[in-house]
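# Fold and geometry: a report
Residue strings, one per chain:
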Amino acid sequence: MSLRDNAIVAYAETKVMEKSDRDVFVLGGEILEELLDKTGIEKSEIDGLVLAGLTGTGAANPFWAQTTADVLGLDVGFCEQVHIGGCSAAGCVVRAAAAIDYGLCDVAFLLFADTHVLEDKTDHSHSYRREWTDPYGLMGPPGAFGLLSRAYEAKYGLDYRMLGKIAVTQRNHALLNENACEKLRVPITVDDYMNSRIIADPIRLLDCVMRADGAAGLIMMSRKRAKQKGLTKCIIPIGYAERTNFKGGENLVDVTKSGHEGCGKKALGEAGLSIKDIASFHPYDDFIIAIMLQFEAFGFCKPGEGVPFIRDHDFSFDGDLPLNTGGGQISAGQAACSSHNLVEAVRQLRGEAGKRQVKNTKNALVTGIGWINYGRNWGSSAALVLVPE
């Protein structure tokens, strides 16, 4: 058995809400019900539950996965919560596949439900932030990415209008996505991006992700079982890699580098693909510059050549490299444990994206970014390659 012996057989997603009008367990129940309806399986057949640990709602509960199983009435042989920040959704896929391979479960329910706007229980008191960055005014991710942007600009130069091009492309995709947060489904221009207020110089408002509430989920099983059940349009994971605390043992590092360089090579090598083979790209986006850095890290272009690469390519759903075709988190909302890009990739490969459907559905590359460590780039990186069966 291997990663590619497993299949994602169904997906479900709620609309992204600026603030949820329903409890997180209600959202989880809605996702479960929709997945059961889509697959025709009985709830009793689900014997694996895998949750993304990137949750503000459940952050204070050390038994969050077990509590969720209890509330949803699931009796499972494998119960897991994945804690690698924004890499967790992609990480859930490979961990569910491993559990199926090992015989810990046969049918896995992957749930990404969070209402961190309605109720956020996150506590950073035991991280470096309270002692080493917050007192000096860095104040979280926007400040960290502001410093990262300045470091990149000093080393290579940076045309912010090209970042604006990415922002506009993703917003245009969100306008075609009925599940995107309504507050964000408003057209923007590059000038709007350039003129949006500074949050942490040079990070602008339209560089930043907006937290939102929502839920999504997947059903996974072996390809053999899926075939026995007559389930079609299955999506197969064929390559995965992750890296946490990249160069964490070194005192002085290049902050424009991340673990994605190694992850990309490993995941693509496992998939038997080169970066030129990638049909659509679904990178984790908490800040626009993170997308450009991933272009470089994965080898779409060389380090320092992100700006001309953006200038020379069309990232719309019908362009030469479709990018975050659901709008990305920045234009759809950071909800559902940051699973938006994963679910969108599955939707696209199944040919179910409607007006924003990509032409080439041979494969999709999904990435994750999780956690910002001290004095470096992001702390966790992940890469997942998916193909339709």
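A brief look at the structure comes next. (Residues numbered from 1 in each chain as written. Predicted model: local features only at pLDDT ≥ 70, side-chain atom pairs only at ≥ 80, totals over all residues. Heavy atoms only, no water.)

Moving on: the packing of helix H6 (residues 160-175) against helix H10 (residues 288-297). Two elements in contact, H6 and H10, have axes separated by 9 Å at closest approach and are oriented at 105°. Accordingly, the angle class assigned to the pair H6 and H10 is roughly perpendicular. Together, Leu163, Ile166, Ala167 and Gln170 of H6 and Ile288, Ile289, Ile291, Met292 and Phe295 of H10 make up the contact between the two elements. Its residues assigned to classes, the contact of H6 with H10 comprises eight nonpolar, one polar and no charged. (Axes fitted to C-alpha atoms, helices over the stretch in contact; angles between N-to-C directions. Helix = DSSP H or I, 4+ residues; strand = E, 2+ residues; numbered from the N terminus. Parallel < 35°, antiparallel > 145°, perpendicular 65-115°, else oblique. Contact = heavy atoms within 4.5 Å. Nonpolar A, V, L, I, M, F, W, Y, C, P; charged D, E, K, R; others polar.)

Before going further, it helps to spend a moment on the pairing of strand E11 (residues 378-388). On a regular strand, each side chain points to the face opposite its neighbour's, so the side chains alternate between the two faces of the sheet. With 10 of 11 residues buried, E11 is to be regarded as a mostly interior element. Summarising the sheet, strand E8 (residues 235-244) and E11 pair through nine bridges and their orientation is antiparallel. Across the sheet, residue tyrosine 240 finds its bridge partner in E11, namely leucine 384. Taken together, the eight bridges between strand E10 (residues 364-372) and E11 define a ladder with antiparallel strand orientation. Among the inter-strand pairings, glycine 370 is bridged to a residue of E11, identified as serine 380. Counting the residues that bridge the hairpin from E10 to E11 gives five residues, and of these glycine 375 lies at a positive phi of roughly 70°. (Buried < 20%, exposed > 50% of the residue type's maximum accessible area, 1.4 Å probe, protein only. Pairing = 2+ DSSP bridges.)

Our next topic: the nonpolar core. With 85 residues, the main nonpolar core has Val9, Ile46, Phe109, Phe145, Ile219, Phe295 and Phe300 as its most contacted residues. A total of seven residues in this core trace back to one element, the largest contributor, which is H10. Apart from the residues lying within four places of it in its own chain, the contact partners of phenylalanine 145 are Ile203, Asp286, Phe287, Ile289, Ala290, Ile372 and Trp378. Core analysis: the second largest hydrophobic core is formed by 39 residues, Ile84, Ala90, Phe112 and Ala382 among them. (Core = buried A, V, L, I, M, F, W, Y, C linked by side-chain atoms within 4.5 Å.)

Another point: the pattern of salt bridges. Under the defined criterion, the tally for this structure stands at 23 salt bridges. Among the salt bridges present, the one from arginine 311 reaches aspartate 159, with a minimum N-O distance of 3.3 Å. Of this pair, arginine 311 sits in helix H11 (residues 306-312) while aspartate 159 sits in the loop between helix H5 (141-156) and H6, placing them 152 residues apart in sequence. We classify aspartate 159 as partly exposed; its relative accessible area is 26%. (Salt bridge = Lys/Arg side-chain N within 4 Å of Asp/Glu carboxyl O.)

This part covers the pairing of strand E3 (residues 78-82). One ladder, built from five bridges, connects strand E2 (residues 48-52) with E3; its direction is parallel. Its bridge partner being in E3, glycine 48 is matched across the sheet by phenylalanine 78. Note that the unit made of E2, helix H2 (residues 64-72) and E3 has a crossover that is right-handed. (Right-handed = clockwise from strand over helix to strand, strands pointing away.)

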